[in-house]
Amino acid sequence: MAVYLCHEQPDLHEHGAVVVDAAPGRVALDRSAFHPGGGGQVCDAGTLEHAGGTATVTAIEVVDDVAWHVLDDPALLLAGDVVVRIDAEHRSRVAQLHTDSHVLNAIVYERWPGTLVTGAQINADGTGRMDFDLSAVDNDALRALAADVNAIIRQGADVRAVYVDADDGATVAGLVRSLSVAPPPTPDGRLRIIEIDGVDRQACGGTHLSNMAQSAPFAITKVESKGARNRRVRFRLDG
Ligand SMILES: [Zn+2]
């Protein structure tokens, strides 16, 4: 997991940058606040203002640690200076869903100890899902967890990112719960941990809120059984 500019400056939504590499319809920058997505989280949305106008970034493709910003005009070849603008509303919606998903995960983990997440997805349209490895649990019991998530949203716990040494097994135990979406350490061997005060500590490279009260109410729309052990919980922001 690289350390992203959006990790270091989560409120940076507009900044200058220089094109360091380009091909028709795609560009690499010397710095970019775009979150590239990953671990089931959709990438940031936004634009690049350039000498000839404004291009919309439709995707981020990371190749050999280079974040290629894919542009809406497949023929556009950029050079020189650009202004990066992040869609703050999209960022916020994804951060709300993503941070809420940590709370859901923490509640499931506490109620059914040791439960692993087998998949997670946070979409651009304000919906998401988490898959849990849970066999003998009634789907209604999972549906009822929305009220517990909303109670924690109302309590307004602080959320912060800290880094721990990835080699320190005693520190890291229990922090990496996902079977399939666990983030790798940074190049210098640190794990990024998201702490929700009194609720959860978990390794993650995504974008999050700084306080739970920033989240809209959380709704569980559907619980499905996917195979003998897997439960899929679908959710969205309720307002
Ligand atoms: Zn996260």
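Description of the structure in this document. Small disclaimer: the values here were computed from a predicted structure and weren't measured.

### Observations concerning the overall build of the protein
Point 1. When helices and strands are tallied, the protein shows 5 helices and 13 strands.
Point 2. Principal-axis analysis of the C-alpha atoms gives the protein an extent of 55 × 40 × 35 Å.
Point 3. In the protein, buried positions account for 47% of the 239 residues.
Point 4. Partitioning the intrachain contacts of the protein with sequence separation of at least 6 by distance along the chain shows that 68% fall at a separation of at least 24.
Point 5. On the protein, roughly 10900 Å² of surface is accessible, and the fraction owed to carbon and sulfur atoms is 49%.
Point 6. Put simply, the protein has 21 plus and 33 minus side-chain charges, and the middle of one group is 8 Å from the middle of the other.

### Examining the coordination of the zinc ion
Six octahedral donors at a metal ideally form angles of 90 or 180 degrees, and four tetrahedral donors ideally form angles of 109.5 degrees.
Point 1. Summarising the metal site, the zinc ion is bound by the protein donors His98 (NE2), His102 (NE2), Cys204 (SG) and His208 (NE2), whose distances to it range over 2.0 to 2.1 Å.
Point 2. Around the zinc ion, the 4 donor atoms sit at angles spanning 102 to 121°, and that spread fits a shape best called tetrahedral.

### Some remarks on unusual backbone geometry
Both trends apply: most residues other than glycine have a negative phi, and most peptide bonds are in trans.
Point 1. Despite not being glycine, Asp64 shows a phi value in the positive range, around 50°.
Point 2. Considering the arrangement of structural elements, one finds Asp64 in the loop between strand S4 (53–63) and strand S5 (66–71).
Point 3. Even without a glycine there, the phi angle at Asp65 is positive, about 70°.
Point 4. Mapped onto the elements, Asp65 comes out in the loop between S4 and S5.

Reading the values: the criteria
- Residues numbered from 1 in each chain as written.
- Predicted model: local features only at pLDDT ≥ 70, side-chain atom pairs only at ≥ 80, totals over all residues.
- Heavy atoms only, no water.
- Helix = DSSP H or I, 4+ residues; strand = E, 2+ residues; numbered from the N terminus.
- Buried < 20%, exposed > 50% of the residue type's maximum accessible area, 1.4 Å probe, protein only.
- Contact = heavy atoms within 4.5 Å.
- Areas by Shrake-Rupley, 256 points an atom, 1.4 Å probe, with all protein chains shown as cover.
- Lys, Arg positive; Asp, Glu negative; His and termini not counted.
- Charge placed at Lys NZ, Arg CZ, Asp CG, Glu CD.
- Donors = N, O, S within 2.8 Å, 3.2 Å for Na, K, Ca; no water.
- Tetrahedral: all angles 85-135°; square planar, octahedral: opposite > 155°, others 65-115°.

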